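Each chain, letter by letter, is given below.
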Amino acid sequence: MAGELESSLKAAREALQQGDYPTAISYLKAVYQNEINDLSQVRVQGEFLARTENSEISRELAQFNEVITLCQILSHSSNPQVKEWAVCACAELSDRDRTKSVADATLTESDLTGFIAFDNKEPKGNEGAEGQGDKDDGRGDNGNSELSHSFVATGHSFVATHHSLLATDHSFVATHHSPLNWRQAERAKRWQALPVVNLIPFCLLQGGSAIALFWLVRALIEFAMAFTNDLLVKLPYLEPFQPFYHDSTQWIVLILLLLLGLSPWLLDLILRLFYGLKPLSLDTLSTHSPEAIRVLQRFSRQRKIPLPQLAILPTSAPLALTYGNLRRTARIVVSQGLLEQLADDEIATIYAAQLGHISHWDFVIMSLNMMIAQLPYIVYRLVSQWGDKTNSFLRVIAVVLAHFAYGIWFLLSLPAFWLSQLRIYLGDRVSSEITGNPNALIRAIIKVCQGIADDIQQQKQTSWLLESWSLLSVVSYQQAIAVSNLHSCDEIEAALAWDCLNPGSYWLNINNAHPLIGDRLQRLTRIAYYWRLETELNLPRSQKSKVVGAGLTNKPVGRRIIWITPPVPQSQVGSQDSKIKNPLVSRPFLLQTAPYLGIFLGLALSGLLWLIGGIGLMFGIAQLTWMWGDWAIVIGCLPIGFSIGTFIRINAFFPDIKPTTGLNNPSLSDLLANSTTIPVNSQPLRLQAKLLGRTGISNWLGQDLIVQLPTGLVKLHHFSWLGSVSHLWRGTSFNFTDLLGRYIFITGWFRRGATVWIDSDTLRTSAGKISRSEHPLWSTLVAIAAAAWGLYAIAISR
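Residues numbered from 1 in each chain as written. Predicted model: local features only at pLDDT ≥ 70, side-chain atom pairs only at ≥ 80, totals over all residues. Heavy atoms only, no water.

Examining the overall build of the protein chain
Okay, so step 1: Regarding its fold elements, the protein chain presents 31 helices and 14 strands.
Okay, so step 2: In the protein chain, of all internal contacts separated by at least 6 residues, the share reaching a separation of at least 24 is 75%.
Okay, so step 3: Surface accessibility of the protein chain: about 35,700 Å² in total, with carbon and sulfur atoms responsible for 60%. (Helix = DSSP H or I, 4+ residues; strand = E, 2+ residues; numbered from the N terminus. Contact = heavy atoms within 4.5 Å. Areas by Shrake-Rupley, 256 points an atom, 1.4 Å probe, with all protein chains shown as cover.)

Looking at the sheet that holds strand E1 (residues 278-279)
Okay, so step 1: Here we have 4 strands laid out as an open sheet, ordered E1-E2-E4-E3, and mixed in their pairing. At either end of the open sheet lies a strand with only one pairing partner, and these are E1 and strand E3 (320-323). (Pairing = 2+ DSSP bridges.)

A closer look at the environment of threonine 535
Okay, so step 1: Among the secondary structure elements, threonine 535 is positioned in the loop between helix H24 (517-530) and strand E5 (555-557).
Okay, so step 2: On the accessibility criterion, threonine 535 (7% relative accessible area) is buried.
Okay, so step 3: Sequence separation between threonine 535 and asparagine 439 is 96 residues, and the spatial gap between their C-alpha atoms is 6.3 Å.
Okay, so step 4: Once residues lying within four places of it in the same chain are set aside, the contact partners of threonine 535 are Arg183, Ala185, Asn439, Thr525, Ala528 and Tyr529.
Okay, so step 5: Among the polar contacts listed, one links the side chain of threonine 535 to the backbone oxygen of leucine 537, at a separation of 3.1 Å.
Okay, so step 6: Only 3.0 Å separates the side chain of threonine 535 from the side chain of asparagine 538, close enough to count as a polar contact. (Buried < 20%, exposed > 50% of the residue type's maximum accessible area, 1.4 Å probe, protein only. Polar contact = N/O pair within 3.5 Å; in protein donor to acceptor, adjacent residues only side chain to side chain.)

With respect to helix H19 (residues 438-459)
Okay, so step 1: Its 22 residues give H19 an end-to-end C-alpha distance of 32 Å, which sits within 8% of 32 Å, the value for a rise of 1.5 Å per residue.
Okay, so step 2: The element H19 is largely enclosed, with a buried count of 20 among its 22 residues.
Okay, so step 3: Positive phi shows up at lysine 460, right after H19, with a value of about 60 degrees. (Expected span 1.5 Å × (residues − 1).)

Focus: the pattern of salt bridges
Okay, so step 1: One pass over the full model with this rule turns up 13 salt bridges.
Okay, so step 2: For lysine 447, the salt bridge goes to glutamate 346, with nearest N and O atoms at 3.0 Å. Placement of lysine 447 in helix H19 and of glutamate 346 in helix H15 (residues 344-360) is noted, with a sequence separation of 101 residues between them.
Okay, so step 3: What emerges from the salt-bridge pattern is a single network uniting Asp345, Glu346, Arg443, Lys447 and Glu536. (Salt bridge = Lys/Arg side-chain N within 4 Å of Asp/Glu carboxyl O.)

Notes on the pairing of strand E10 (residues 712-717)
Okay, so step 1: Counted residue by residue, E10 has 5 buried out of 6 residues, so it is predominantly covered.
Okay, so step 2: Bridging between strand E9 (residues 706-709) and E10 involves 4 bridges; their strand directions are antiparallel. Residue pairing in the sheet places glutamine 708 in a bridge with leucine 713 of E10.
Okay, so step 3: Hairpin geometry of E9 and E10 is characterised by an intervening segment of 2 residues between the two adjacent antiparallel strands.
Okay, so step 4: In this structure, E10 lies alongside strand E13 (residues 756-764), joined through 3 bridges in parallel fashion.

Notes on the packing of helix H29 (residues 631-653) against helix H31 (residues 775-795)
Okay, so step 1: Relative orientation of the contacting elements H29 and H31 amounts to 160 degrees, with a least axis distance of 7 Å. By the criterion of interaxial angle, the relationship of H29 to H31 is roughly antiparallel. When the axes of H29 and H31 are compared, the crossing they make is left-handed. In this structure, H29 uses Ala632, Ile633, Gly636, Cys637, Pro639, Ile640, Phe642, Ser643, Thr646, Phe647 and Ile650 to contact H31, whose residues at the interface are Ser779, Thr780, Val782, Ala783, Ile784, Ala786, Ala787, Trp789, Gly790, Leu791, Ala793 and Ile794.
Okay, so step 2: Residue composition of the contact of H29 with H31, by class: 17 nonpolar, 6 polar and no charged. (Axes fitted to C-alpha atoms, helices over the stretch in contact; angles between N-to-C directions. Parallel < 35°, antiparallel > 145°, perpendicular 65-115°, else oblique. Left-handed = near helix turned anticlockwise from the far one by under 90°. Nonpolar A, V, L, I, M, F, W, Y, C, P; charged D, E, K, R; others polar.)

Overview of the pairing of strand E8 (residues 683-692)
Okay, so step 1: Counting buried positions along E8 yields 9 of 10 residues, so the element is predominantly enclosed.
Okay, so step 2: With 2 bridges joining them, strand E7 (residues 663-664) and E8 adopt parallel strand pairing. Along E8, the bridge assignment pairs leucine 663 with leucine 685.
Okay, so step 3: Across 8 bridges, E8 lies against strand E12 (residues 743-752) in antiparallel orientation. Bridge pairing in E12 links glutamine 683 to phenylalanine 750.

Some thoughts on unusual backbone geometry
Most peptide bonds take the trans form, and the phi angle of most residues other than glycine is negative.
Okay, so step 1: Even without being a glycine, tyrosine 237 presents a positive backbone phi close to 65 degrees.
Okay, so step 2: Within the secondary structure, tyrosine 237 sits in the loop between helix H10 (200-234) and helix H11 (249-275).
Okay, so step 3: Since its relative accessible area comes to 84%, tyrosine 237 is described here as exposed.
Okay, so step 4: The residue tryptophan 361 is not glycine, and still its phi comes out positive at about 70 degrees.

With respect to the nonpolar core
Okay, so step 1: Within the largest apolar cluster, 146 residues are counted, with the highest numbers of intra-cluster contacts made by Leu271, Leu285, Leu338, Tyr351, Trp469 and Leu521.
Okay, so step 2: With 13 residues, helix H16 (residues 362-387) is the largest single contributor of residues to this core.
Okay, so step 3: Beyond its immediate stretch of four places on either side in the chain, leucine 271 contacts Gly276, Leu277, Leu313, Tyr323, Val333, Leu465 and Trp469.
Okay, so step 4: Among the nonpolar cores identified, the runner-up in size contains 24 residues, and Ala12, Ala24, Leu28 and Val31 belong to it. (Core = buried A, V, L, I, M, F, W, Y, C linked by side-chain atoms within 4.5 Å.)

Things to note about the environment of alanine 12
Okay, so step 1: Relative to the helices and strands, alanine 12 resides in helix H1 (residues 2-17).
Okay, so step 2: On the basis of relative accessibility, which here comes to 0%, the residue alanine 12 falls in the buried class.
Okay, so step 3: Here the alpha-carbon distance between alanine 12 and threonine 23, two residues 11 residues apart in the chain, equals 7.1 Å.
Okay, so step 4: Excluding residues within four positions of it along the chain, alanine 12 makes contact with Ala24, Tyr27, Leu28 and Trp85.

What about the confidence of the model for the protein chain?
Okay, so step 1: Of the residues in the protein chain, 78% reach a pLDDT of 70 or more, and the chain-wide mean stands at 80.
Okay, so step 2: Below pLDDT 50 for its whole length, residues 98-175 participates in 152 contacts with residues either more than four positions away or in separate chains.
Okay, so step 3: Overall, residues 726-733 carries pLDDT values under 50, and its contacts beyond four positions in sequence, including any with other chains, amount to 13 contacts. (pLDDT = per-residue confidence, 0-100.)

Things to note about the side chain of threonine 249
Okay, so step 1: Tracing the backbone shows threonine 249 in helix H11.
Okay, so step 2: One polar contact links threonine 249 to aspartate 247, side chain to side chain, over a distance of 2.9 Å.

Here we look at a nonpolar patch on the surface
Okay, so step 1: A cluster of nonpolar side chains, namely Leu605, Leu608, Leu611, Ile612, Ile615, Met618, Phe619 and Ile621, defines an oily patch on the protein surface of about 770 Å² accessible area.
Okay, so step 2: Structurally, leucine 605 is set in helix H27 (residues 594-618). (Patch = residues over 30% accessible without salt bridge, like charges linked within 9 Å, V, L, I, M, F, W, Y side chains within 5 Å.)

Details of H15
Okay, so step 1: Under the 1.5 Å per step criterion, the end-to-end length of H15 is 25 Å for 17 residues, consistent within 8% with the ideal 24 Å.
Okay, so step 2: Most of H15 is tucked away, with 16 of its 17 residues classed as buried.
Okay, so step 3: Positive backbone phi, approximately 70 degrees, marks tryptophan 361, located one or two places after H15.

Description of the packing of aromatic side chains
Okay, so step 1: For the structure shown, the criterion picks out 18 aromatic pairs.
Okay, so step 2: Ring centres of tyrosine 377 and tyrosine 380 lie 5.3 Å apart, and the angle between their planes is 65 degrees; this geometry places the pair in the edge-to-face category. One end of the pair is tyrosine 377 and the other is tyrosine 380, both in helix H16 and 3 residues apart, which spans about a single turn. The two residues tyrosine 377 and tyrosine 380 agree in class, both being buried.
Okay, so step 3: Members of the aromatic cluster, each reached through a chain of ring pairs, are Tyr377, Tyr380, Tyr406, Trp409 and Trp464.
Okay, so step 4: The ring of tryptophan 464 carries arginine 694 above its face, with NZ or CZ at 4.6 Å from the centroid.
Okay, so step 5: The cationic tip of arginine 751 hangs over the ring face of phenylalanine 653; the distance from NZ or CZ to the ring centre is 3.8 Å. (Phe/Tyr/Trp six-rings, centres within 6.5 Å; stacked < 30°, edge-to-face > 60°. Lys NZ or Arg CZ within 6 Å of the ring centre and 35° of its normal.)

Overview of the side chain of threonine 525
Okay, so step 1: Tracing the sequence through the fold places threonine 525 in helix H24.
Okay, so step 2: Not counting the four nearest positions on each side in its chain, threonine 525 is found in contact with Ile442, Thr535 and Leu537.

The following block contains the structure:
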């Protein structure tokens, strides 16, 4: 076999030297077929070959492109002989291409990244690609035609030249992360105990989360029962269901207790049926991490509890989940990807963090919340899959039911968000105390992010498992998507400085289930400083408000010291300290929170109207007395205030995208390195990228839209006029779901917040078709509707 491989490579080189591309292609395809299993990670190889074979360009250029593509694919082989040969061939072919005229590479040629460029001979103005796109789309450009045409026609900015594409060895070919050049900072040999933690606030937060979950479940059930009976009353020949009028509190408590008692086995069943859960033996785990075995056994022996039940999920995404209702029923589930992608000591730190959740009992409330939230998510998944196979009428029912269930799933996840954030901080702390290795946990968290991003790129969508179980995962998939653009420790440190230094980062993360990765890693570096260790990452010291950590901040309480992280010796910190301004006086932050601050403005306005009504009552002014003590005024002023704040923010949130202000294919690592920006600091940009996401009904609201760039992934928000409702009537319009899996041109705004995303303005295909986002319009309509609702509530109270 080795002799045949060598002879094929030799024959291919001779054919290339003679310019006989067809013969070279035949030999390279033979090598490719021999290496196809090894090259399975090259996700887009088949698409590239199909494009080069079917592209409408000259046969010689198509053959030349195909040779380049095959060489680039083979350059990722693990066979040293094949890899060395392919790299040399790519270099020679790129040098050969430099002798050709750049004019030969017209904009109509298919490039190696999968883009089909525009025809440079098309007329400008309304009859060009823009006009054709509008004709196909059934809509006008509404003032953006000049900008959009500039986006299409500017070859040096938006369409890479043939030479640059040939020279780009990694352009959309292999997006898997290469190992970072880690510093491999050492662990503590002997370490002192960390300062004591007052867990009373944490226990109160667990109780508050349980109460909030109960209140939300009861509110949803009572609303459903009242709505059902109201509907039955209005329908002929039907009577309301009398038990729905009774108080259901006792039944809800009983059901919740039953779900809590059965949660370990029910969650096992869900993971087994939908995701292939299997038991994990200690022998199997010891082959990947002997230290993890020692950590588990020592914890079990010290706490005098049975060893947690271990299980494994057959997925490449690194995951670690802990659930149960008692310490003896606790389960720790990891994925195959976590065991394969992390080192021995890193796996041990992940297991130790899961033991921290068991130690603090927070896994009980999280398990109940996860069990309840899984029920509507399963409905969302199954109904979406069923609806994709049905006719138009049943599809309408599937769309409504699936996305209603998705909304319920999201609502039921909310009560656990703050508890989830704080428990992860404490889990990291316990992991460091058990292993004495905060640096390994830092490496593990970054590797988990990279592994999740690789899994999304491999599947070309966010898996059901990543989305539905994100509440219990080590990091969220949204965080992993952003980290995928960072390829060195220096880039990671620069990007994560936003989490540590930006004064608004805590408030912007308040609606997420996971803490900021930068803040989380910075706390681990402080533990390393406390033990006089070198740190894996050099992150700046956070100086945020004392509300960080929900009360577990560094301050004295009587004779006890409350530490979420230990104090840092000043000699270790030095120049890393940075003066942080009060976020409440920052103009961008005020603009960012304007809709929410508007609610308080509405509350103040209602108080003023009450005061005017009181004065009218004192002086006998009948026209004013009605405002005194009228709660309808409060109910009406709150949405009016929200409306005012939304109108104030719209212009700053959606600035005009001009050729002079928009960045063309910017480096996301550079954008992420700016630690002062927040989402309202909108950066206009234009990109060429591939659109990923789930297909079918499950993505009709655009909840899973991801942009794949040569450097990594970034979340995309796209709001079309009616979502994907137009798909209920086939052929009526062009929609963003038609673009999934395709290379597109994107104009929009880069947002840097607790999560990173791009708000799209337009999505354009190479054929000129456009899917326009209506986010500004929807924001305006929501503001108008809120104001109208508030005015109506006040008017009917008179």
